[in-house]
Amino acid sequence: TRGTVTAFSPFDARADAEALRKAMKGMGTDEETVMKILTSRNNAQRQEIASAFKTLFGRDLVDDLKSELTGKFETLMVSLMRPAYIFDAHALKHAIKGAGTNEKVLTEILASRTPAEVRQIKQVYLQEYEANLEDKITGETSGHFQRLLVVLLQANRDPDGRVDEGLVEQDAQVLFRAGELKWGTDEEKFITILGTRSVSHLRRVFDKYMTISGFQIEETIDRETSGDLEKLLLAVVKCIRSVPAYFAETLYYSMKGAGTDDDTLIRVMVSRSEVDLLDIRQELRKNFAKSLHQMIQKDTSGDYRKALLLLCGGDDV
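Residues numbered from 1 in each chain as written. Predicted model: local features only at pLDDT ≥ 70, side-chain atom pairs only at ≥ 80, totals over all residues. Heavy atoms only, no water.

**Some words on the overall build of the protein**
Helix and strand counts for the protein stand at 20 helices and zero strands. Since a compact globule built from 317 residues should have a radius of gyration of about 20 Å, the 21 Å found for the protein is in line with a globular shape. Referenced to the eigenvectors of the C-alpha coordinate spread, the extents of the protein come out at roughly 70 × 45 × 40 Å. Buried positions account for 47% of the 317 residues belonging to the protein. Expressed as a percentage of contacts within the protein between residues at least 6 apart in sequence, the contacts between residues at least 24 apart total 72%. Counting every atom, the protein has about 14900 Å² of accessible surface; 48% of that belongs to carbon and sulfur. Side chains of the protein give 44 positive and 50 negative charges; the mean places of these two sets differ by 2 Å. (Helix = DSSP H or I, 4+ residues; strand = E, 2+ residues; numbered from the N terminus. Rg over C-alpha atoms; globule rule 2.2 N^0.38 Å. Buried < 20%, exposed > 50% of the residue type's maximum accessible area, 1.4 Å probe, protein only. Contact = heavy atoms within 4.5 Å. Areas by Shrake-Rupley, 256 points an atom, 1.4 Å probe, with all protein chains shown as cover. Lys, Arg positive; Asp, Glu negative; His and termini not counted. Charge placed at Lys NZ, Arg CZ, Asp CG, Glu CD.)

**Some remarks on the side chain of Thr 225**
Along the chain, Thr 225 turns up in the loop between helix H14 (217-224) and helix H15 (227-241). At a separation of 2.6 Å, a polar atom in the side chain of Thr 225 contacts the main-chain carbonyl oxygen of Ile 221. Residues in contact with Thr 225, not counting those within four places in the same chain, are Glu 230 and Leu 233. (Polar contact = N/O pair within 3.5 Å; in protein donor to acceptor, adjacent residues only side chain to side chain.)

**Quick word on the state of the cysteines**
Summed over all chains, the structure comprises zero disulfides. No disulfide involves Cys 239; its sulfur sits 20 Å from that of Cys 312, the nearest cysteine. For Cys 312, a relative accessible area of 0% translates into the label buried. (Disulfide = S-S within 2.5 Å.)

**Overview of the packing of helix H7 (residues 103-112) against H15**
Helix packing for two helices is described by the angle between their axes and how far apart those axes are. For the pair H7 and H15, interaxial distance at closest approach is 9 Å and the crossing angle is 30°. As the angle between them shows, H7 and H15 are arranged roughly parallel. Our pair here, H7 against H15, has a crossing hand that is right-handed. Counted together, Glu 103, Thr 107, Ala 111 and Ser 112 of H7 and Asp 228, Lys 231, Leu 232, Ala 235, Val 236 and Cys 239 of H15 form the full contact between these two elements. For the contact of H7 with H15, a count of residues per class yields five nonpolar, two polar and three charged. (Axes fitted to C-alpha atoms, helices over the stretch in contact; angles between N-to-C directions. Parallel < 35°, antiparallel > 145°, perpendicular 65-115°, else oblique. Left-handed = near helix turned anticlockwise from the far one by under 90°. Nonpolar A, V, L, I, M, F, W, Y, C, P; charged D, E, K, R; others polar.)

**Some remarks on unusual backbone geometry**
One can expect most non-glycine residues to show negative phi and most peptide bonds to be in trans. Following Ser 9, the chain continues into Pro 10 via a peptide bond in cis, with omega recorded as 0°. Within the secondary structure, Pro 10 is located in the segment before helix H1 (13-24). In this structure, Glu 130 takes a positive phi of about 50° despite not being glycine. Note that Glu 130 resides in the loop between helix H8 (115-129) and helix H9 (133-140). A relative accessible area of 72% means that Glu 130 is categorised as exposed.

**Considering the domain arrangement of the protein**
In terms of domain boundaries, the protein breaks down into domain 1 (13-81), domain 2 (85-154), domain 3 (165-241) and domain 4 (243-312). If you average the C-alpha positions of domain 1 and of domain 3, the two centres end up 46 Å apart. (Domains from an automatic or database assignment.)

**Considerations on the nonpolar core**
Counting 95 residues, the largest nonpolar core has Met 77 and Met 269 as the members making the most contacts within it. Residue contributions to this core peak at nine residues, all from H15. With residues up to four places along the chain from it excluded, the contact list for Met 77 reads Val 34, Met 35, Leu 38, Thr 39, Leu 65, Leu 69 and Ala 307. (Core = buried A, V, L, I, M, F, W, Y, C linked by side-chain atoms within 4.5 Å.)

**Observations concerning the pattern of salt bridges**
For the coordinates displayed, the defined rule picks out 24 salt bridges. Between Arg 113 and Asp 88 there is a salt bridge, with the nearest N and O atoms lying 2.7 Å from each other. Highlighted residues: Arg 113 in the loop between H7 and H8 and Asp 88 in helix H6 (residues 84-95), separated in sequence by 25 residues. You'll find Arg 113 and Asp 88 in the same group, each marked buried. Between Lys 306 and Asp 303 there is a salt bridge, with its nearest N and O atoms 3.8 Å apart. Here Asp 303 and Lys 306 lie together in helix H20 (residues 302-312), a separation of three residues that amounts to about one turn. Relative accessible area serves as the criterion here: at 39%, Lys 306 is assigned to the partly exposed category. Asp 303 sits in the partly exposed class, given a relative accessible area of 24%. Connected through shared salt-bridge partners, Glu 32, Lys 36, Asp 303 and Lys 306 make up one network. (Salt bridge = Lys/Arg side-chain N within 4 Å of Asp/Glu carboxyl O.)

Quick look at the structure:
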């Protein structure tokens, strides 16, 4: 794993549960203890702590966190308590709930998760919410954006294997003819190729495309499409090239300029902390000449900042 959070050792779920209860019992809360424990245990250990907490005190740890903490710090701690697939399912559920859809969340999760992860998310969504994720998403989206989401939800991307150079050439030509060479754009060709071919095949297609057209595929998508479809196609391309680079960019823009997009910041820090946050930190340093640690330091405050810095796990100077 290239995560900043790994299994804590020596681990004692009961001792952690007792420390958390003590930190939240009576007047005032010891936030320091709460964040130290929850940011330094991995998710499997946090689930054991929650179970020990219920056994020892007959109380729900997440309910206690919600009643004792506030604001963004509360959101971050509660998010850390959700198992990965439940976390993604929950984020998707909220992205399509009520008035207006949060296309950004749909794009980020479905473009970046592996087919195996998408299958898990769909299963968990069905168990947790007794609803079919695909039906919910198609009910809230439309057009080519909806079609690409549905293709990604099928989680049938070709597995990585031997790359067929003939097919690489063919796909690159098809994309060229569907975009740059055509009056208007044949979006369906982009959706099918980018949504179903294997990662190693597509990386070769992007190189070949550059040779044939003189453009990066991203430049063509930028010119030929717009709105939510454009954002989703670009996210898919970026994730095919490098998932950590995609998230480095996502984090960078969540904190760049005035105001912070805390929802995105929390979502990425929590969901990648056990996966590839070390790689994301490196990519951010390399591509934006900024360290994630320093950006968090500058853009956030209080216990929320402290907890994010603990998750970040160090500075890349």
